[in-house]
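A look at the structure
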Amino acid sequence: MINLTINNKKVQAKEGMTILEAAKENNIIIPQLCYLEGVHQIGSCRICVVEVEGARTLQSSCMVKVREGMVVRTNTKKVREARKVIYELMLSDHPRNCLNCARSHDCEFQKLGELLQIEDFRFEGERSKTYIDDSSPSIVRDTSKCILCRRCVTVCNEIQGIGVMNAQNRGFKTVIGPPEDLPLNSVNCSNCGQCVMVCPVGALQEKSAVDKVWDALYDGKKRVVIQTAPAIRAALGEEFDYEPGNLVTGKMVQALRDIGFDDVFDTNFAADLTIMEEGTEFLTRVTDALKLKKETKLPMITSCSPGWIKYVEHAFPEKLGHLSTCKSPHMMLGALAKSFYADKVGVKPEDVYVVSVMPCTAKKYEITRPEMNSTGYPDVDAVLTTRELARMIKDAGIDFKTLGDSEFDNPLGLSTGAADIFATTGGVMEAALRTVYEIVTGREIPFDNLHVTPIVGFEKIKEAEVLIENPLPEYGFLDGVNVKVAVTSGLSGAKKLMEEIANGTSPYHFIEVMGCPGGCISGGGQPRPTNNYVREKRLQAIYKEDENKTIRKSHENPFIKKIYEDYLEKPLGHKSHKYLHTHYTKRGIFNEHLKDK
Amino acid sequence: MDNNQSKKCCCCEESDEQKYAKIEKVIEEYKGKEGCLIQILHYAQGIFGYLPLELQEFIAKKLDIPLSEVSGVVSFYSFFSTQPRGENTIRVCLGTACYVRGGKKIVDKLKEILDIDVGDTTKDRKFTLEVMRCIGACGLAPAISINDKVYKQVNPDKLNSILEEYY
Ligand code: SF4
Ligand code: SF4
Ligand code: FES
Ligand code: FES
């Protein structure tokens, strides 16, 4: 322990802590702006300055480590004035049109202004040239609002391992963005939205679909179907001041009814369906490889995360054959809503309007992929993030906390616990193993409470081995095979696993990749902040939802069995191919594989 | 890009493939060393005369770093240029003395004659226009330089005849 003095208070701190962290630990708050715990700590804003005895200049407390006997003051005249001037200089090149900024309610820059009691604009100077880039279907960049904190740069480079954006130019002309101001839709952005998640201001935002959805609701001819991803129920409450980790499934469904959606379906249903399709696909590949000795691509990799898909199309265009051909669950459900369900209720596919509530910004891009139109119409018409849905609920005058519970509609609403855990890293793999193991051996997977513990949690790359013993006769060739699986979330981990595949050293049979660190529970469209604490709480909520279900294996979902009997026939069958599977596009890091680059 | 220019055969000039091969060798040599990006860019600009996006992409790919990092460095240092350079570089002094005595007017006039902005190169790749601080001819301001030659007490109306020398 290190002894130091902060504001005349003798305090202790762990070695290696920064002054800012030590102060916080001792309940002394130092104003900060660019610092983001565990993510961005490179000291780009200098708002957090403090006086350190013996140092000639003010020190950035988020950068400087504590030392024995250090004497720190966080509130001297000099510090307070400096902090204010730094803030006011930033403000002098900021548009200050907070009223029409979607971040107004939770803008970190605005909050800091309040804290520092900025009353007038002292500095008026030249304004930098700015632009709005709304070329991406997922993300809108407004450089006028950027305060150059560089959190997005850190996240995209370090956590996602992509580096779409960086500081360009210098001094007053500095812009945080892609090379040479290239539009975001023309570069290798995965649309994951992790940059949007950490941006403290309105410079990076999801492209809103709220108006489009209201228009569909007001259109008397449309049957408006909505579905919600598993991760929404574990996070939406945060937008209504619930503590992180509160499940609000029932209230959420009620709110959607009250807004006026005609059918409220659960993407979970399609998650169960995914397990049937993907599990069968996996077994087919394994049979091809081990029994029939046919050329096949192993490891097979999950394909539910459209940011991950786009990433791999850019970074490993030669390895697309390893991806499962399954569409992501909400696309499956959209396709079924416009075919199977439209038939059933006697509505033309073109009159069904499908909205997906997703924790994800990449899904906004996914629905624009030209191949996603199995009925001749887009499988899904609009994607709302969790944050956008919260805005709609508030705008509709719904008092969320007082709502009663409602249940999803059938036949596309019932789901098992296996589907719930799709929301978190490791969940898709666990759900798949629950089903695949049982298909192969006729027994339940031999893990406590069905949880494949080695792949639970937030470690970047996780591995598990499942030994197949005494399989059913049909799968006799698998006797004694040790099935190796890996799970990763966040694209820098995926890069590592893909490099192994490219080098031919990958030891795995099956890999799960989710584009966002921690999985969909921390997707780019989730409530802010999403930090480690919040992530953990959402994870616990998701596992709780799973454990509360009576049916926890996808293949036991009665409506899944029924939809195969009544409509799809069998996994990987003709109809499945038409509605539930897809193909991929070679892009290359610089889109060099696309003809009209 | 001006097509006639790029198609024109010139036996004494290296082909693009040869140039890229040279750069690749340098990349192999410097890769992983501290500050290697700047060294490589420096070398590449020496060979190509400028750093077009394709060349930056090539370097990014070979170094396995994001293009945004390469372009970030290129745009940070005014030494690097993403525009092709002209055969001749005109530098107009905007140091205090020259500024006071009409340096700005010279810039404007040159922009008009050459039909380009500061930092750009004419379509025929003849001239690149730049501005700079004091070139040490304050006594005879305003001054400009073309390549290594300094012109003093330049009168905007004389510019046309100065440029003639280079055609
Ligand atoms: S959306 Fe993801 S990939 Fe695209 S710039 Fe943001 S962090 Fe990078
Ligand atoms: S876009 Fe947002 S996160 Fe990125 S530097 Fe600007 S303010 Fe920071
Ligand atoms: S918060 Fe410390 S430098 Fe930005
Ligand atoms: S100011 Fe122009 S030469 Fe000195």
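Residues numbered from 1 in each chain as written. Chains lettered and ligands numbered in written order. Predicted model: local features only at pLDDT ≥ 70, side-chain atom pairs only at ≥ 80, totals over all residues. Heavy atoms only, no water.

As for the pairing of strand S16 (residues 461–467) of chain A
Residues and elements named next belong to chain A. Here is the rule we go by: Burial here depends on accessible area, computed with a 1.4 Å probe over protein chains only, as a share of the maximum for the residue type. Under 20% is buried, over 50% is exposed, and the range in between is partly exposed. Strands are runs of DSSP state E lasting at least two residues, helices are runs of H or I lasting at least four, and both sets are numbered from the N terminus onward. Strand pairing is defined by DSSP finding a minimum of two bridges between the two strands.
Burial along S16 is one-sided: Lys-462, Ala-464 and Val-466 are buried, while Ile-461, Glu-463, Glu-465 and Leu-467, pointing the other way, are not. The sheet contact formed by S16 and strand S17 (residues 482–489) spans 7 bridges and is antiparallel. Counted as the bridge partner of Leu-467 is Asn-482 from S17.

Concerning the interface of chain B and chain A
Put simply, the test is: Between two residues, a contact is recorded if the distance between any of their heavy atoms is within 4.5 Å. The term buried area denotes the loss of accessible surface (1.4 Å probe radius) that occurs when two parts are joined, taken as the sum for both partners. A carboxyl oxygen of Asp or Glu within 4 Å of a side-chain nitrogen of Lys or Arg is what we treat as a salt bridge.
Listed by partner, the interface residues are 17 residues for chain B and 18 residues for chain A. In total, chain B and chain A occlude about 1,300 Å² of area from one another, counting both sides; carbon and sulfur atoms represent 51% of this. When the buried area of chain B at its contact with chain A is split by residue, Glu-57, Ser-68 and Phe-76 of chain B rank highest and sum to 36% of it. Counting across the chain B and chain A interface gives 2 salt bridges.

A few points about the site of ligand 1
Going by this rule: A single heavy atom is enough: if one lies within 4 Å of a molecule or strand, its residue is considered near that molecule or strand. Classes in brief: Ala, Val, Leu, Ile, Met, Phe, Trp, Tyr, Cys and Pro nonpolar; Asp, Glu, Lys and Arg charged; the others, Gly included, polar.
By nearness alone, every residue bordering ligand 1 is listed as Ile-139, Cys-156, Ile-162, Val-164, Met-165, Cys-189, Ser-190, Asn-191, Cys-192, Gly-193 and Cys-195 of chain A. For the shell around ligand 1, the per-class residue count stands at 8 nonpolar, 3 polar and no charged.

Some thoughts on a nonpolar patch on the surface
All names here are of chain B. Where we set the bar: For patches, a residue must show more than 30% relative accessible area and have no salt bridge; joins then use 9 Å for like charges and 5 Å for nonpolar side chains, namely Val, Leu, Ile, Met, Phe, Trp and Tyr. With residues, only the protein chains shown are counted as cover, and all accessible areas are computed by Shrake-Rupley using a 1.4 Å probe.
Among the surface-exposed residues, Ile-38, Phe-76, Tyr-77 and Phe-79 lie close enough to one another that they form a single nonpolar patch of about 350 Å² accessible area. If you trace the backbone, Ile-38 turns up in helix H3 (residues 36–48). Overall, the relative accessible area of 34% leaves Ile-38 in the partly exposed class.

Describing unusual backbone geometry
All names here are of chain A. Look at the link from Asn-410 to Pro-411: it is a cis peptide, with omega at 10 degrees. Take Pro-411: it is sitting in the loop between helix H12 (386–395) and helix H13 (417–420). Residue Pro-529 is reached from Arg-528 by a cis peptide bond, and omega for that bond is -10 degrees. With respect to the secondary-structure elements, Pro-529 resides in the loop between strand S18 (510–514) and helix H16 (532–548).

Considerations on the domain arrangement of chain B
Where we set the bar: For the purposes of this description, domain bounds are those given by an automatic or database domain assignment.
Each assigned domain of chain B is listed with its residue range as follows: domain 1 (3–76) and domain 2 (88–164). A C-alpha centroid distance of 29 Å is found between domain 1 of chain B and domain 2 of chain B.

Quick word on the confidence of the model for chain B
As a note on interpretation, predicted positions should not be read in detail where pLDDT is low. All names here are of chain B. Here is the rule we go by: The quantity called pLDDT is the predictor's confidence in a given residue, expressed from 0 to 100.
A residue-level look at chain B finds 92% of positions with pLDDT of 70 or above and a mean pLDDT of 89. Of the regions scoring below 50 in pLDDT, residues 1–11 engages in 5 contacts with residues more than four places distant in sequence or in other chains. Predicted complex, confidence summary: ipTM 0.88, pTM 0.90.

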